[in-house]
Amino acid sequence: MGKEKLSFKEVHHSHSPKTTLWWFFLVATCIKVLLFPSYRSTDFEVHRNWLALTHSLPLSQWYFDETSPWTLDYPPFFAYFERFLSIFAHLIDPQIVHLQEGLNYSSNKVVYFQRVTAILSDLSLLYGVYRLTRILDSKKQKLVWSLIIWSPVLFIVDHVHFQYNGFLIGILLISLSYLEEGRDLLGGCIFAILLCFKHLFAVAAPVYFIYLLRHYVWGGMIRGFSRLLIMGGVVTAVFASAFGPFFYLGQIEQVIRRLFPFGRGLCHAYWAPNFWVFYIMSDKGLAFILRKLGFNIQMPAASFTAGLVGDSSPFSVLPQIKPYVTFIMVLLALSPCLFKAWKNPQPQMISRWVAYAYTCGFLFGWHVHEKASLHFVIPLAIVAPQTPEDARHYFLLSIVSCYSNFPLLFEAQEYPIKVLLLLLHSIFMWSGFSAQFYVGAETAIASSTNSKKKAEEFGSEDSWGETVKKKKGFVIGWSERIYLIGLVVVETWGQILHPLILGDKFAFAPLMLISIYCAFGIMYSWIWQLISIVKYF
């Protein structure tokens, strides 16, 4: 018998967006499985210990236990998540969840189990990406999927270094998708759930508050008050389900102390590439100059360049920075965005505003980790295909974000992996953006009026002209090219020239150089986003 032909419906279904999305996820999963034997950071033991303490101890002791130095410092929903995972961990190997005998346990069983949980938890990311892109055309869908599902930073941070950022960012994307649909109550509820998983996402809470207040609540005394009560009731119910048991036990103060350990200091051991890098370097430069001029400038006991996390902000000349100062700076940086959200609360702008909020938190926040760049890089992938300028900005930002996380994988065997991931990501971005913004000569001329107007709005009239005349696709400017070449120079110095010329002297210098140079790129991104929001959106 001959082969039966597939009907049109069957053929169409076999190439449906959902099927294609699953293929994207499958390719990513294969890469993650290949990374199983790679380096694991202390975060791997952190999460193994959380499996053990939530499984072995009653809830009343979760936020008091100090069996391991890696104490529980995430909100209750994440603790409940670990407790759920511990059920399966105990079935696979009871030692995984043994509070004492499991310390620093590193058998293949625990490695494979935790790696698999990170992969499976990424299903929330898959669902969030699907919801946010389901109304886009096929070309844009695949571009966004490649940017997020194949994100090299997620591979490095979650599936080598080890964390669950994909799972948490997936919840954020699901929330944003409901807000973009106008389903504000559900979007706000899911964001409240996210905060009960990881409180560091609260940086975007002011944007959510202003947007929901203006878009959902505002509109007449009776309607507004009733909706305020509904939203408040939903959010209260979410937080009550998370923190209620600890409130009942009288442990809220202990939980808060664990969630907000301000004694860790202004900067992480490896400086995140943010504003405080410039502040630290300015302090050190001024101290050096003043000492040369004969002033008695004392060096602080805790040195930033030693890679230590102190209990204070040890500056020699400039004022000491307290947590409330960073809080005020983040709010000030956010204020233009909050004004825009109040003045014109557009659902299609919420992803851009939330990404900007996380950029502000990254730049000016207290004790920021370099991994936190994921919080704004992933949401910005949603808006990257909208305009050529958005694409150019994202191309640079995504590369800088990935490179700034290179120091997380410091062993030699992982070096080719992180370089290859970044190179492949750059190629995919370039190819995707080129295909998205390629305009044939006839099409470009036919739509010249609208295209030129949009190009003028984003300051890219020259690029528009080149597109029409030469039929070019995605291009970046000379400043971006020079900056990216600089990344190669920084890496060459750190990997080759510094060891050859200086040997073991100034061992901190290559990491410091990465932080400083990448900080310029992140600062550029923040300025670009701020100007775009204020001027165009």
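Treat the numbers as computed from the prediction; the structure is a model and nothing was measured.

With that settled, consider the packing of aromatic side chains. For the coordinates displayed, the defined rule picks out 40 aromatic pairs. A network of ring pairs unites the aromatic residues F44, W50, W62, Y74, F77, F78, Y80, F81, F162, Y164, F167 and F197 as a single cluster. Looking at R131, its charged tip hangs above the ring of Y178, at a distance of 3.9 Å from the centre. Its guanidinium or amino end placed over the ring of W478, R481 lies 4.8 Å from that ring's centre, counting from NZ or CZ.

On to the side chain of Q529, then. Relative to the helices and strands, Q529 is located in helix α24 (residues 509-535). Judged by relative accessible area, which is 4%, Q529 ranks as buried. A polar side-chain atom of Q529 sits 3.5 Å from the main-chain amide nitrogen of Y356. Setting aside residues up to four positions removed in sequence, Q529 forms contacts with A355, Y356, T359, L380 and H393.

A contiguous nonpolar surface patch, about 500 Å² in accessible area, is contributed by F84, I87, F88, L91 and I92. Tracing the backbone through its elements, the reader meets F88 in helix α4 (residues 76-92).

What the rule picks out here adds up to three cavities of 30 Å³ or more. Of the volumes computed, that of the largest cavity is approximately 70 Å³. Among the secondary structure elements, those contributing two or more residues to the lining of the largest cavity are α17 (374-383), α18 (388-404) and α24. Here the residues of the lining of the largest cavity sort into six nonpolar, three polar and two charged.

Quick look at helix α12 (residues 221-248) now. Its 28 residues place the ends of α12 only 35 Å apart at the C-alpha level, less than the 40 Å of an ideal helix rising 1.5 Å per residue. Bending of α12 peaks at approximately 50 degrees at the position of A242, with proline P245 no more than four residues after it. Burial in α12 covers these residues: G224, M231, V238, A242, F243 and F246.

What follows covers the pattern of salt bridges. Should their charged atoms come close, side chains of opposite charge can pair. All chains considered together, the criterion is met by eight salt bridges. For the salt bridge of K32 with D122, the shortest nitrogen-to-oxygen distance reads 2.8 Å. You can see K32 sitting in helix α2 (residues 17-34) and its partner D122 sitting in the loop between α5 (108-121) and α6 (123-133), a full 90 residues away along the chain. We classify K32 as buried; its relative accessible area is 4%. When its relative accessible area of 4% is taken as the criterion, D122 is described as buried. The residue R352 makes a salt bridge to D390 at a minimum N-O spacing of 2.9 Å. Of this pair, R352 sits in helix α16 (residues 350-364) while D390 sits in helix α18; the two residues are 38 residues apart in sequence, bridging distant segments of the chain.

Below, the discussion takes up the packing of α5 against α6. Following both chains from N to C, one finds α5 and α6 inclined at 15 degrees, their axes separated by 4 Å at the closest point. Here α6 runs roughly parallel to α5, going by the angle between their axes. In contact with I119, L120 and S121 of α5, α6 contributes L123, S124 and L125. When its residues are assigned to classes, the contact of α5 with α6 shows four nonpolar, two polar and no charged.

What follows is about unusual backbone geometry. With a phi angle near 95 degrees, F162 is a residue other than glycine that sits in the positive phi range. Following the sequence through the fold, F162 ends up in helix α8 (residues 152-162). We classify F162 as buried; its relative accessible area is 0%. For H367, which is not glycine, the phi torsion reads 50 degrees and is therefore positive. Looking at the element boundaries, H367 is found in the loop between α16 and α17. For H367, a relative accessible area of 11% puts it in the buried group.

Bringing the confidence of the model for the protein into the picture now. Considering every residue of the protein, the mean pLDDT works out to 88; 88% of them sit at 70 or more. Across residues 1-14, where pLDDT falls below 50, the model places three contacts with residues more than four positions away in sequence or in other chains. Between residues 304-312, whose pLDDT stays under 50, and residues either more than four places distant or in other chains, the model counts 24 contacts.

Next up on the list: the environment of R83. Relative to the elements of secondary structure, R83 occurs in helix α4. R83 sits 27 residues away from S56 along the chain, and the two C-alpha atoms are 9.5 Å apart. Here R83 is in contact with T54, H55 and W62, once residues within four sequence places are set aside. Here T54 takes part through its backbone oxygen, which lies 3.2 Å from a polar atom of the side chain of R83.

Quick notes on the rules
- Residues numbered from 1 in each chain as written.
- Predicted model: local features only at pLDDT ≥ 70, side-chain atom pairs only at ≥ 80, totals over all residues.
- Heavy atoms only, no water.
- Phe/Tyr/Trp six-rings, centres within 6.5 Å; stacked < 30°, edge-to-face > 60°.
- Lys NZ or Arg CZ within 6 Å of the ring centre and 35° of its normal.
- Helix = DSSP H or I, 4+ residues; strand = E, 2+ residues; numbered from the N terminus.
- Buried < 20%, exposed > 50% of the residue type's maximum accessible area, 1.4 Å probe, protein only.
- Polar contact = N/O pair within 3.5 Å; in protein donor to acceptor, adjacent residues only side chain to side chain.
- Contact = heavy atoms within 4.5 Å.
- Patch = residues over 30% accessible without salt bridge, like charges linked within 9 Å, V, L, I, M, F, W, Y side chains within 5 Å.
- Areas by Shrake-Rupley, 256 points an atom, 1.4 Å probe, with all protein chains shown as cover.
- Salt bridge = Lys/Arg side-chain N within 4 Å of Asp/Glu carboxyl O.
- 1 Å grid on protein atoms, 1.4 Å probe; cavity = no way out; pocket = protein on both sides within 12 Å on 5 of 7 lines; lining within 4 Å.
- Points joined across faces, edges and corners; volume = space filled by probe spheres on them.
- Nonpolar A, V, L, I, M, F, W, Y, C, P; charged D, E, K, R; others polar.
- Expected span 1.5 Å × (residues − 1).
- Bend = angle between axes of the 7 residues up to and from the residue.
- Axes fitted to C-alpha atoms, helices over the stretch in contact; angles between N-to-C directions.
- Parallel < 35°, antiparallel > 145°, perpendicular 65-115°, else oblique.
- pLDDT = per-residue confidence, 0-100.

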